[in-house]
Amino acid sequence: MNPELGQVALILALLLSALQCLLPIIGAWRGSKPLMATAPTLAIGQAVFVALAFGILMWSFWINDFSVAYVAQNSNLSLPWFYKLSAVWGAHEGSLLLWMLILNGWTVAMVALGGKLPQAFFSRVIGVLGFVAFGFLLYMITTSNPFLRLFPVPPNGADLNPVLQDPGLVFHPPTLYMGYVGFSVAFAFAIASLLGGELKSTWVRWARPWTNVAWGFLTLGIVAGSAWAYYELGWGGWWFWDPVENASFMPWLIGAALIHAQAITDKRDGLRAWTLLLSIFAFAFSLLGTFLVRSGLLTSVHAFAFAPARGLFILVYLAVVVGGSLLLYAMRAPKVTGGKSFALASRETMMLVGNLMLTVACAMVLLGTLYPLVGEALDIGRISVGPPYFGPLFLLLMTPLVLALPFGPLSRWGKADLKVWRNALIRIVALAVAAGIIGFVLGARGWYQLLGITAAVWVMAGVVLFAIKRWREAPRGKRYPFEMLGMMLAHFGVGVFIAGAILTRSMSVEQDVGMKPGASVEVGAYDFHFNGVAETQGPNYRAQQGTVVITRNGKHVVTLHPQKRTYAGGQVQTEAAIQAGVFRDLYVSLGDSIGNGAWSLRVYDKPFVRWIWGGGALMMLGGFAVVLDKRFRLRRAVDPETARATPEPEARPKLAEGEA
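Owing to the predicted nature of the structure, the values given are computational and were not obtained by experimental measurement.

Student: Teacher, can you tell me more about the overall build of the protein chain here?
Tutor: Along its length, the protein chain carries 17 helices and 10 strands. The C-alpha radius of gyration computed for the protein chain amounts to 27 Å, which stays within 12% of the reference 26 Å derived for 660 residues, consistent with globular compactness. Seen through its principal axes, the protein chain has C-alpha atoms that stretch 85 × 75 × 55 Å. Counting all 660 residues of the protein chain, 57% fall into the buried class. Partitioning the intrachain contacts of the protein chain with sequence separation of at least 6 by distance along the chain shows that 73% fall at a separation of at least 24. If you average the places of the 50 positive and of the 33 negative side-chain charges in the protein chain, the two averages end up 12 Å apart.

Student: Before we go on, may I ask you to explain the pairing of strand β3 (residues 526-537) in this structure?
Tutor: As a general feature of sheets, a regular strand has side chains that alternate between the two faces. Summarising the sheet, strand β2 (residues 520-523) and β3 pair through four bridges and their orientation is antiparallel. Of the residues in β3, the one forming a bridge with Ser520 is His529. Adjacent in sequence and paired antiparallel, β2 and β3 are bridged by two residues, among which Gly524 carries a positive phi angle near 65°. Sheet analysis places β3 next to strand β4 (residues 541-552), joined by nine bridges and oriented antiparallel. Paired with Thr536 across the bridge in β4 is Ala543. Counting the residues between successive antiparallel strands, the hairpin from β3 to β4 contains three residues.

Student: Explain the side chain of Thr219 to me, please; I cannot follow it from the model alone.
Tutor: Secondary-structure assignment places Thr219 in helix α8 (residues 202-232). A residue is classified by how much of its surface remains accessible, and Thr219, at 3% relative accessible area, is buried. A polar contact of 2.8 Å, which involves the side chain of Thr219, links it to the side chain of Trp252.

Student: What exactly am I supposed to notice about the domain arrangement of the protein chain here?
Tutor: Interface size is commonly expressed as the accessible surface area that is lost when the partners come together. By domain assignment, the protein chain separates into domain 1 (1-160), domain 2 (175-333 + 351-404) and domain 3 (509-610). The straight-line distance from the C-alpha centre of domain 1 to that of domain 3 is 43 Å. On the domain 3 side, the residues contacting the five residues of domain 1 number six residues. Buried area between domain 1 and domain 3, summed over both chains or domains, comes out near 360 Å², and the portion from carbon and sulfur atoms is 46%. It is Ser78, Pro80 and Asp159 in domain 1 that bury the most area against domain 3; as a group they hold 83% of the surface buried on that side. Between the two partners, domain 1 and domain 3, sit zero salt bridges. At the boundary of domain 1 with domain 3, the tally comes to zero residue pairs in polar contact (both at pLDDT 80 or more).

Student: How do you make sense of the packing of aromatic side chains when you look at a structure like this?
Tutor: How two aromatic rings sit relative to each other is given by the distance of their centres and the angle of their planes. Evaluation of the coordinates by the stated rule reveals 38 aromatic pairs. Consider the rings of Phe407 and Trp458, whose centres lie 6.1 Å apart with planes at 65°: the pair is edge-to-face. Here Trp458 lies in helix α15 (residues 447-473) and Phe407 lies in the loop between α13 (387-404) and α14 (418-441), a separation of 51 residues in the sequence. When its relative accessible area of 9% is taken as the criterion, Phe407 is described as buried. Classification of Trp458 by relative accessible area gives buried; the value is 13%. The ring of Trp413 has Arg347 sitting right over it, with the charged end atom 5.0 Å from the ring centre. Its guanidinium or amino end placed over the ring of Trp471, Arg479 lies 3.9 Å from that ring's centre, counting from NZ or CZ.

Student: I tried to follow the pattern of salt bridges on my own but got confused; where do I start?
Tutor: In a structure, side chains of opposite charge can pair up when their charged atoms sit close to one another. A complete count under the given rule lists 16 salt bridges for this structure. Linking Lys469 and Glu473 is a salt bridge whose minimum nitrogen-to-oxygen distance equals 3.1 Å. Of this pair, Lys469 and Glu473 both sit in helix α15, four residues apart, which is roughly one turn of that helix. Exposure remark for Glu473: the relative accessible area of 54% places this residue in the exposed category. The closest approach of N and O atoms between Asp585 and Arg610, which form a salt bridge, is 2.7 Å. On the criterion of sequence distance, the pair formed by Asp585 in strand β9 (residues 584-595) and Arg610 in helix α17 (residues 609-627) is long-range, its members being 25 residues apart. Take Asp585: its relative accessible area is 0%, and that puts it in the buried class. Because the salt bridges share partners, they merge into one network encompassing Arg205, Arg208, Asp266, Lys267, Glu483 and Arg631.

Student: It is not clear to me how a nonpolar patch on the surface should be interpreted in this structure. Could you clarify?
Tutor: On the surface, Met1, Leu5, Val8, Ile11, Leu12, Leu15, Leu52, Trp59, Trp62, Ile63, Trp81 and Phe82 cluster together to form a nonpolar patch covering roughly 1,100 Å² of accessible area. Of all the secondary-structure elements, those providing two or more residues to the nonpolar patch are α1 (3-30), α2 (33-62) and α4 (81-86). Taking relative accessible area as the criterion, Leu5 reaches 40% and is therefore assigned partly exposed.

Student: Can you help me understand unusual backbone geometry in this one?
Tutor: Along the chain, Phe151 connects to Pro152 via a cis peptide bond; the corresponding omega equals -5°. Along the chain, Pro152 falls in the loop between α6 (119-143) and α7 (168-196). Residue Phe608 is not a glycine yet carries a positive backbone phi of 65°. Here Phe608 lies in the loop between β10 (598-607) and α17. Accessibility expressed as a relative area gives 17% for Phe608, which makes it buried.

Student: Whenever I open this one, the packing of α2 against α6 confuses me. Can you help?
Tutor: A pair of packed helices is characterised by two quantities: the angle between their axes and the separation of those axes. The N-to-C vectors of α2 and α6 enclose an angle of 35°; their axes lie 9 Å apart at closest approach. The two elements α2 and α6 cross, and the hand of that crossing is left-handed. For the pair α2 and α6, the contacting residues are Lys33, Met36, Ala37, Ala39, Pro40, Ala43, Gln46 and Val50 in the first and Gln119, Ala120, Phe122, Ser123, Ile126, Ala133 and Leu137 in the second. In the contact of α2 with α6, the residues fall into 11 nonpolar, three polar and one charged.

Student: I would appreciate a short explanation of the nonpolar core in the present structure.
Tutor: Counting residues in hydrophobic clusters, the biggest one holds 158 residues, and the most contacted among them are Trp99, Met110, Phe136, Phe189, Trp203 and Leu253. Ranked by residues supplied to this core, first place goes to α7 with 15 residues. For Phe136, the contacting residues outside a window of four places in its chain are Leu96, Trp99, Met100, Leu287, Thr290 and Tyr317. Membership of the second largest hydrophobic core comes to 18 residues, among which are Met515, Val523, Tyr526 and Val548.

Student: How should I be thinking about the environment of Ile254 in this particular structure?
Tutor: Within the secondary structure, Ile254 sits in helix α9 (residues 243-268). According to the relative accessible area criterion, Ile254 is buried, its value standing at 3%. What Ile254 contacts, discounting residues up to four positions off in sequence, is Leu278, Phe281, Ala282, Phe285, Thr359 and Cys362.

Student: I tried to follow the packing of α1 against α6 on my own but got confused; where do I start?
Tutor: Where α1 contacts α6, the axes come no closer than 7 Å and their chain directions differ by 150°. By the angle between their axes, α1 is roughly antiparallel relative to α6. Considering how the two elements wind past one another, α1 and α6 form a crossing that is left-handed. Its residues assigned to classes, the contact of α1 with α6 comprises 20 nonpolar, five polar and one charged.

Procedures and definitions
Residues numbered from 1 in each chain as written. Predicted model: local features only at pLDDT ≥ 70, side-chain atom pairs only at ≥ 80, totals over all residues. Heavy atoms only, no water. Helix = DSSP H or I, 4+ residues; strand = E, 2+ residues; numbered from the N terminus. Rg over C-alpha atoms; globule rule 2.2 N^0.38 Å. Buried < 20%, exposed > 50% of the residue type's maximum accessible area, 1.4 Å probe, protein only. Contact = heavy atoms within 4.5 Å. Lys, Arg positive; Asp, Glu negative; His and termini not counted. Charge placed at Lys NZ, Arg CZ, Asp CG, Glu CD. Pairing = 2+ DSSP bridges. Polar contact = N/O pair within 3.5 Å; in protein donor to acceptor, adjacent residues only side chain to side chain. Domains from an automatic or database assignment. Buried area = accessible area lost by both parts, 1.4 Å probe. Salt bridge = Lys/Arg side-chain N within 4 Å of Asp/Glu carboxyl O. Phe/Tyr/Trp six-rings, centres within 6.5 Å; stacked < 30°, edge-to-face > 60°. Lys NZ or Arg CZ within 6 Å of the ring centre and 35° of its normal. Patch = residues over 30% accessible without salt bridge, like charges linked within 9 Å, V, L, I, M, F, W, Y side chains within 5 Å. Areas by Shrake-Rupley, 256 points an atom, 1.4 Å probe, with all protein chains shown as cover. Axes fitted to C-alpha atoms, helices over the stretch in contact; angles between N-to-C directions. Left-handed = near helix turned anticlockwise from the far one by under 90°. Nonpolar A, V, L, I, M, F, W, Y, C, P; charged D, E, K, R; others polar. Core = buried A, V, L, I, M, F, W, Y, C linked by side-chain atoms within 4.5 Å. Parallel < 35°, antiparallel > 145°, perpendicular 65-115°, else oblique.

Shown next, in the form of C-alpha cells:
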C-alpha cells in the first residue's frame, strides 16, 4: 500500500470530522432530523479512514519501507517482527495516530451502544467527539504527519529505542490512551448537556458506565507503566513522580473524584454543577498530559523530543477546549440547582471528603509538575521538584480519605446511622490495632511499617464489614449488584495498594556493590553469589550476561541472569533479572565493568512490591464491574420528538441502606 494513501485517508478523516462536529449539533439546535441522522454515518466514516491510515503505517513497518521517514527512524531490518508492529506507536507521530484510532473506537462504541439515547442529545455527543477528533487530526496533519517520505531511501533504518523493545510497549500505551481518550466521552456528555440546556441528572446515569470504563483503562495503563519501569529501567523503583508519570496520574485523580460525584448526582440529584465541572477537567487534564509529553518542555525519560511547534498547537487547542467549555459552564451553571439535602453524618459527606482530597491532591501534583517551568519563566532557574515534595504532601492529603473510606459504604444516603458508625469504628480499630501488634511480633519495628499495616487493614476491614452487613441484611439475589461489587473491589484494592506501597518502601533492602567472580554479598535474609559475566547474542543485540546465584540459609533459591545489552544502533540498555513472588521480589541489575574482572551490581530484596500492582488491578476490575450493572442499560428507544424532556433510562429504584 502506498504511504501517500495514508495521508489522503487522514485528510478525508479530517473533512468528515469537521462535518461530524457541525451537522449533528446544528441539527439538534434546529430540530432537523436529517442533519441529526448524519451523526452515525460521519463518525463511522471517519473511523474507517483513520483505521485505514493506521493499517497503512503498520504495513510500512512490516515490509521495512524505509522511504517513510517515521519507519526509518524507528525500525531496522533486524528488529523482531513483534517489535516492528508495536513500533508503530513507539514515537510521537505513530502514538498520535494510535490516539486517534482509539478515539474513533470510543466514538464507534457510542454509535453502537448509544442509539437509544434521545436523538438530539446523542447528536450533540457525537458532534463534540467530532470536534475533539478534528483538533487532533489537524494537529497530526500539520505538525506530526507519520507518512512523510525520505529521499534517498536508506538501505536500513535506525532502531527503535531500546527501552521500548519490550512487551510493555505492546500493552502500556494502548491501555493508557484508552483511559486518556475515554474521558472525552464523559466530556462530550457534559458539553452536550450544557449545549442543550438539559441540566437534570439524567445524563449522568448515561455517562457513568463510560466514565468507569475509561477510569479502569487508565488505572490499567498506569499499573502497566509502573511495572514496566520497575523491571526495565534497572533502578528497582515503581514510581518516581516523574513529570510524565504525573501527567497520567492527574486525570486519574480527577477521574476518581468524578466517578464518586456522578454517583451522588445519579442517586441524590446533588452536586450537578460539580459533576459537570469534573467532567470537563478530567478531559482537560488528559489534554494537559498530552501537551506535557509531546512538547518536550519537561525533562523525562518518557517524554518525546523537544518540539515547540507541536507544543504550541496543543497548548492553543487546550486553551480553546477548556476556555470554551468553562465559558459555556459559566453561562449555564446558575441554572444547575437542586438536589436533596443531607446531614453532616451521611454517605454524601464521606464522598465529598474524598472528592475534596482527590481534587486538592491533583492540584498539588499539578503545582509540583509545572513549578520548574514557572521558575524558568521567572528567571529564577529550573528548580527540580521530586519525591521530597510529592511524597509527604500526598500522604498528608490522602490521610482524611483513607480514614473516611470504610464509613462511606456503611452510611445511608441523607443521614447515617451513628450506631452503625460506632459499631464499625470499634471493629475496624480493633482489627487494625491487632494487625499492627501481629506485625510488630513478626518483626515490623519501624513506625512506617506499622503505619502501612494498620492503614491497609483499616481500609480492607471496612470493605469486609460492609460485605458481611449486606450478606446479613439484603435479600438473596440483591446482596451484591455489580455496581456495589465494583465499589468493594476498588476499595479493597486501595487497601492492598497501601500495604504494598508503604511496606515496600519501609522494608526494601538495597545495595550497590562491586563484585569479582566468586564474591558474595548479604542483602536482607539472602546471599547473592556472583559467578561472573559471559557474552551472549540476541536477535538484534549483543549482551554481557551475569550469573548471580541466590541462597538463603545455604539453600539455593534461584539463579538470575541480568544483562547489559548493546543494540545495533550502539545504544546500551540494562535488563534487570527478577525473581517475582507474592510476598517479595529478588532483583539484580548489572552495571559496568570496573576493572580486574569486577562488575558493579545493584541488588534488592523488595517485599510486597507486587501488592502495589495487585491493588491497582483490583481497582481496575472494580471500574469495569460497575458497567455490568443492569441499572445502566437503556431499556427502550426514546422518541426524538420528546428528546428534550430527556426521560430516565430506567425508573429509579428505591435505595436500600448501604446501596452503592
